[in-house]
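Listed below, chain by chain, are the residues.
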Amino acid sequence: MTLIDSAAQSARWVQKPFGNTRGFNPNWWVGSAKSPAVWCSVTDAAMGEVARAQVKTRSLVGVAYPTRRVPVGGATEIHLLEVREDLRRGCRGIGRAVVAMLEEAFPGPLLALSLDATSDGFWRRLGWNEHDHEDAAGRRAEGARPPANLFESVRS
């Protein structure tokens, strides 16, 4: 697999470098986004494009997570990560391989906000440290979905 990334943009709205490709969520990859961001496409010679990621460097996300100390210069945030739909859950290890590539390509600490229980499980299986949002316990007590969990690479 090869990691291809775009150059970080200035702090303005820019067009994402992806088209509407079957197997990837168009709401994530088509349209515009606030920069700075780096977009990554992971390809395999036999399977074509297998995964995508959007990374934000110097992210200050995490202030609402009391068990996490936000570093002065921020962290590298894996804002979005998606393995092509037909390649998920096949024990191929594509998601794990992409995260390893991102850990090598970007400065730590790396972190990710989990969007749902499926992605919670993914980050837990990687062994990343999990941080609850400050409102999580209250939301659970009310029977509502708590804010996203924050996961941080153990290599941080």
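Just above sits the structure.
Here is a short report on the structure shown in this document. Only a predicted model underlies this, so the values are computations on that prediction, with no experimental measurement involved.

Okay, helix H3 (residues 117-125) next. Those residues of H3 not exposed but buried are Ser 119, Asp 120, Gly 121, Phe 122 and Trp 123. N-cap assignment for H3: the residue whose side-chain oxygen lies 3.1 Å from the backbone N of Thr 118 is Asp 116. Backbone geometry just after H3 places Gly 127 at a positive phi near 85 degrees.

With that settled, the discussion passes to the pairing of strand E4 (residues 38-44). The buried count for E4 comes to 5 of 7 residues, which makes it a mostly enclosed element. Looking at chain direction, E4 and strand E5 (residues 48-59) are connected through 7 bridges and run antiparallel. Bridge pairing in E5 links Ser 41 to Arg 52. Between E4 and E5, which pair antiparallel one after the other, the connecting turn spans 3 residues.

What follows covers the packing of aromatic side chains. For the structure shown, the criterion picks out 4 aromatic pairs. Aromatic side chains Phe 18 and Trp 29 sit 5.4 Å apart centroid to centroid with 80 degrees between the ring planes, which places their arrangement in the edge-to-face category. Residue Phe 18 is found in the loop between strand E2 (13-15) and helix H1 (26-29), and its partner Trp 29 is found in helix H1; the two are separated by 11 residues along the sequence. Comparing Phe 18 with Trp 29, the two get one shared label, buried. Judged by its relative accessible area of 0%, Trp 29 is buried. When the ring centre of Phe 24 is taken as reference, the NZ or CZ atom of Arg 52 above it lies at 4.2 Å.

All right, on to the side chain of Ser 153 then. The topology assignment puts Ser 153 in the segment after strand E9 (150-152). Only 2.8 Å separates the side chain of Ser 153 from the side chain of Glu 103, close enough to count as a polar contact. Beyond its immediate stretch of four places on either side in the chain, Ser 153 contacts Glu 103, Leu 110, Trp 128 and Asn 129.

Definitions and cut-offs
- Positions within a chain are numbered from 1, following the residues in the order the chain's sequence is written.
- Local features in a predicted model are, by the rule used here, given only for residues with pLDDT of at least 70; side-chain atom pairs are given and counted only at 80 or more, and totals for whole chains, interfaces and linings are based on all residues.
- Side-chain measures were taken over the full set of non-hydrogen atoms in the model, leaving aside hydrogen atoms and water.
- Relative accessible area decides the class of each residue, using a 1.4 Å probe on protein chains only: under 20% of the type maximum gives buried, over 50% gives exposed, and in between gives partly exposed.
- Strands are runs of DSSP state E lasting at least 2 residues, helices are runs of H or I lasting at least 4, and numbering of each runs from the N terminus.
- N or O atoms within 3.5 Å of each other form a polar contact, as long as, within protein, one can give a hydrogen and the other can take it, and as long as residues adjacent in sequence are counted only when both atoms are side-chain atoms.
- In this description, strands pair whenever DSSP reports at least two bridges between them.
- Side-chain rings of Phe, Tyr and Trp, where Trp is taken by its six-membered ring, are said to pair if the distance between their centres is within 6.5 Å; with planes under 30 degrees apart they count as stacked, over 60 as edge-to-face, and otherwise as tilted.
- In this scheme, the term charge over a ring applies when either NZ of a lysine or CZ of an arginine sits within 6 Å of the ring centre and within 35 degrees of the ring normal.
- We call two residues contacting when some pair of their heavy atoms lies within 4.5 Å.

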